[in-house]
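# Structural description and commentary
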Amino acid sequence: MTEIPHEPLGPPPSRRQRLVVYTIVILVVAALAFGAWYLWGGGNGGAPAGAEAGKGKAGGKAGGSAAGGAGGARGAGGAGGRFGGGDPNRAQPVTVATAKVGDVNIVQTALGTVTALQTVTVKPRVDGQLQSVNFREGQLVKQNEVIAQIDPVPFQVALAQAEGQLARDAAQLNNARLDLARYQALLKEDSIAAQQVDQQAAQVRTFEGTVKIDQAQVDNAKLQLSYTRITAPIAGRTGLRQVDAGNMVRSADANGVAVITQVTPVTVIFTIPQDALPRVLAQLNGAQKPEVEAWDRDQKTLLAKGRLITADNQIDVTTGTVKLKAEFPNTDFKLFPNQFVNVRMVVDVRRNVIVVPTAAVQGGADGAVVYVVKEDNTVTLRKVQPGPVQGQVTAIESGLQQGERVITDGVDRVREGARVEVAEPGAGLRAPPAGPGNAPDAAKSEENRKRFQNMTPEQREEFRKRRQSGEGKAPPQ
């Protein structure tokens, strides 16, 4: 077999050569990616930096060496300064609010339960067959309104029997009285013994007692007959039906015929800490009872307004709380018995105090602080003593003066002595002129404000120039 000659293979590339090749490839890829980012999403000024990066990349490809890749990396690095955030000492955009003097309500909140003033289980007072049910489930009924009827026939028969017995005994009483009158006349003529007259008088009194018993039996029969008409003892709302017509009902039945609950007015029972009790009692003993509000579970919807009527006579030692009761008219039936509600009650009013938005008060290592913007638009950190909170407003007991500006949005981007760009809360960069078709759009203004805050200093400067020249009305996206 003839051996085919071949060229000897060269030595394998060294580790150093492979490292140089990998480094060049990585630098070229990084330069290409960074240049593409700067050209398409790097902000204003991206074109010059991108051109420089492109030159670097082109040089890297033409030379096929590390020098070309390094040029591309330096070109991309021109944009990297702005990508890293620019000048850290630039003025930061913030939203401020001015400290004002106002009144703050001290509101006591609690979880309460709606409780009906009266709840009655209507039971039959006589035994019999239920003839009809005259109410619908959930119906509002008036006091003394007939809600059910028991068969009255057996009770009518008993009444007739009692009346007949009364008539018989009354006739006997009348006859005995006539005999007594005759005996008394004969006694005057000395024609009859006195003993016989006394016996007749005793018989008359016996019949008088019998007639009274019969009359009571008649009255009782009439009463039992009236009980066959089951009426509502109170005005309120009926519950679910407990028994249907045709069933035998008895006064000993536990469920009764219906359950009626008074819904207008209703009360709410809630508890407050014992520390708040002195303020509540001071208002409760005054001429005007404190107003109480009932809110839904999410505390977003006001259900009803009422007045505090009383406090419990002792404090629960296990919880350190005391029960209070408030009454609500509930004419619109928004409160339902046994419903859980959130209760708000103004127990005191702090008048003429410094107030700021709650968002301006920050928690610090030494307590609550606010960031105050001075006249030269620099920031200083101020320790304050916060007071009661009402909604989105907080009272400041000390540490702040009226008219000072505090930062409400953007505190995470500022520090002591930093310079800021001030924007009033809720204001856009510039509102469009008033007129038809130019109604302000609050959502769009807020969106423009956020875009302006996220721009680099170079972008803000270019936007200001465009706005002054009338070319743009909104920050670029």
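Everything discussed here concerns the structure shown above.
The rules behind each value
Residues numbered from 1 in each chain as written. Predicted model: local features only at pLDDT ≥ 70, side-chain atom pairs only at ≥ 80, totals over all residues. Heavy atoms only, no water. Salt bridge = Lys/Arg side-chain N within 4 Å of Asp/Glu carboxyl O. Helix = DSSP H or I, 4+ residues; strand = E, 2+ residues; numbered from the N terminus. Buried < 20%, exposed > 50% of the residue type's maximum accessible area, 1.4 Å probe, protein only. Pairing = 2+ DSSP bridges. Phe/Tyr/Trp six-rings, centres within 6.5 Å; stacked < 30°, edge-to-face > 60°. Lys NZ or Arg CZ within 6 Å of the ring centre and 35° of its normal. Core = buried A, V, L, I, M, F, W, Y, C linked by side-chain atoms within 4.5 Å. Patch = residues over 30% accessible without salt bridge, like charges linked within 9 Å, V, L, I, M, F, W, Y side chains within 5 Å. Areas by Shrake-Rupley, 256 points an atom, 1.4 Å probe, with all protein chains shown as cover. Contact = heavy atoms within 4.5 Å. Arc of directions from axis to C-beta. Axes fitted to C-alpha atoms, helices over the stretch in contact; angles between N-to-C directions. Parallel < 35°, antiparallel > 145°, perpendicular 65-115°, else oblique. Left-handed = near helix turned anticlockwise from the far one by under 90°. Nonpolar A, V, L, I, M, F, W, Y, C, P; charged D, E, K, R; others polar. Polar contact = N/O pair within 3.5 Å; in protein donor to acceptor, adjacent residues only side chain to side chain.

Per the counting criterion, the structure on display carries eight salt bridges. For the salt bridge of R182 with D179, the shortest nitrogen-to-oxygen distance reads 2.1 Å. Placement of both R182 and D179 in helix α4 (residues 153–188) is noted, with a separation of three residues, approximately one turn of the helix. Look at D179 and you get buried, because its relative accessible area is 16%. Across the pair D412 and R413 runs a salt bridge, and its minimum N-O distance is 4.0 Å. Residue D412 is classed as exposed on the basis of its relative accessible area, which comes to 66%.

Among the five residues that make up strand β12 (residues 291–295), four are buried, leaving the element largely enclosed by the rest of the structure. Where β12 and strand β13 (residues 302–311) come together, five bridges link them in antiparallel fashion. Across the sheet, the residue bridging to E293 is K305, located in β13. Joining the antiparallel neighbours β12 and β13 is a turn of six residues, in which Q299 adopts a positive phi near 55°.

What follows deals with the sheet that holds strand β7 (residues 229–231). Within a sheet, adjacent strands bond to each other through the backbone by hydrogen bonds, running parallel or antiparallel. Strand order in the open sheet formed by four strands is β7-β6-β4-β9, and the pairing between neighbours is antiparallel. Sheet topology places β7 and β9 (248–249) at the edges, where each strand pairs with a single neighbour. For strand β6 (residues 146–150) and β7, the ladder comprises three bridges, and the chain directions are antiparallel. Each bridged residue has a counterpart across the sheet, and for A148 the counterpart in β7 is I230.

Moving on to the sheet that holds strand β3 (residues 119–122). Pairing is antiparallel across the open sheet formed by four strands, whose spatial order is β3-β10-β8-β5. Single-partner strands in this sheet number two, and they are β3 and β5 (140–141). By the bridge criterion, two bridges tie β5 to strand β8 (residues 236–238) in an arrangement that is antiparallel. Following the sheet pairing, L140 is matched in β8 by R237.

It is worth spelling out the packing of aromatic side chains at this point. A complete count under the given rule lists zero aromatic pairs for this structure. R237 extends its terminal NZ or CZ atom over the ring of F333, reaching a point 5.4 Å from the ring centre. Directly above the ring of W295 sits R344, whose terminal nitrogen or CZ lies 4.1 Å from the centroid.

Further remarks concern the nonpolar core. F270, L308, F328 and L335 are the most contacted members of the largest nonpolar core, which has 25 residues in total. Counting residues per element, the ones that place at least two in this core are β2 (100–116), β11 (266–273), α6 (277–284), β12, β13, β14 (321–328) and β15 (340–357). The next biggest cluster of nonpolar side chains, apart from the first, holds 19 residues, and it includes V133, V141, I234 and V257.

On to a nonpolar patch on the surface, then. Taken together, the side chains of V21, Y22, V25, I26 and V29 make up a nonpolar region of the molecular surface, amounting to roughly 500 Å² of accessible area. Structurally, I26 can be placed in helix α1 (residues 15–41). Residue I26 is classed as exposed on the basis of its relative accessible area, which comes to 58%.

To continue, consider the environment of D169. Within the secondary structure layout, D169 lies in helix α4. Considering only alpha carbons, one finds D169 and G209, 40 residues apart in sequence, at a separation of 9.6 Å. In this structure, D169 is in contact with T210, V211 and D214, ignoring residues within four places of it in sequence.

This paragraph deals with α6. Every buried residue of α6 is accounted for by L277, V280 and L284. Buried positions in α6, seen along its axis, are confined to an arc of 65° and lie on one side of it. Exposed and oriented more than 90 degrees from the buried face of α6 are P278 and A282. On its buried face, α6 sits against β11, β13, β14 and β15.

With that out of the way, let us pick up the packing of α4 against helix α5 (residues 194–226). For any two helices packed against each other, one specifies the crossing angle of their axes together with the interaxial distance. Contact pair α4 / α5: the axes reach a minimum separation of 8 Å and the direction vectors enclose 160°. The angle between α4 and α5 places the two elements in the roughly antiparallel class. When the axes of α4 and α5 are compared, the crossing they make is left-handed. Grouping the constituent residues of the contact of α4 with α5 by class yields 20 nonpolar, ten polar and seven charged.

Quick look at the side chain of T394 now. Inspection of the secondary structure puts T394 in strand β20 (residues 393–398). A distance of 2.9 Å separates a polar atom in the side chain of T394 from a polar atom in the side chain of T358. Excluding its chain neighbours within four sequence positions, the residues that come into contact with T394 are I354, V355, V356, T358, V361, P386, G387, P388 and V389.

Residue P265 follows T264 across a cis peptide bond; omega there is -5°. On the secondary structure map, P265 appears in the loop between β10 (258–261) and β11. At D190, a position not held by glycine, the phi torsion is positive, near 60°. Structurally, D190 is set in the loop between α4 and α5. When its relative accessible area of 66% is taken as the criterion, D190 is described as exposed. With phi around 70°, N338 is a residue other than glycine that occupies positive phi space. Structurally, the position occupied by N338 is in the loop between β14 and β15. Classification of N338 by relative accessible area gives exposed; the value is 61%.

On to the side chain of T408, then. Tracing the backbone shows T408 in strand β21 (residues 405–409). Dropping the residues within four chain positions of it, T408 is found in contact with T95, V96, A97, P357, A359 and A360.

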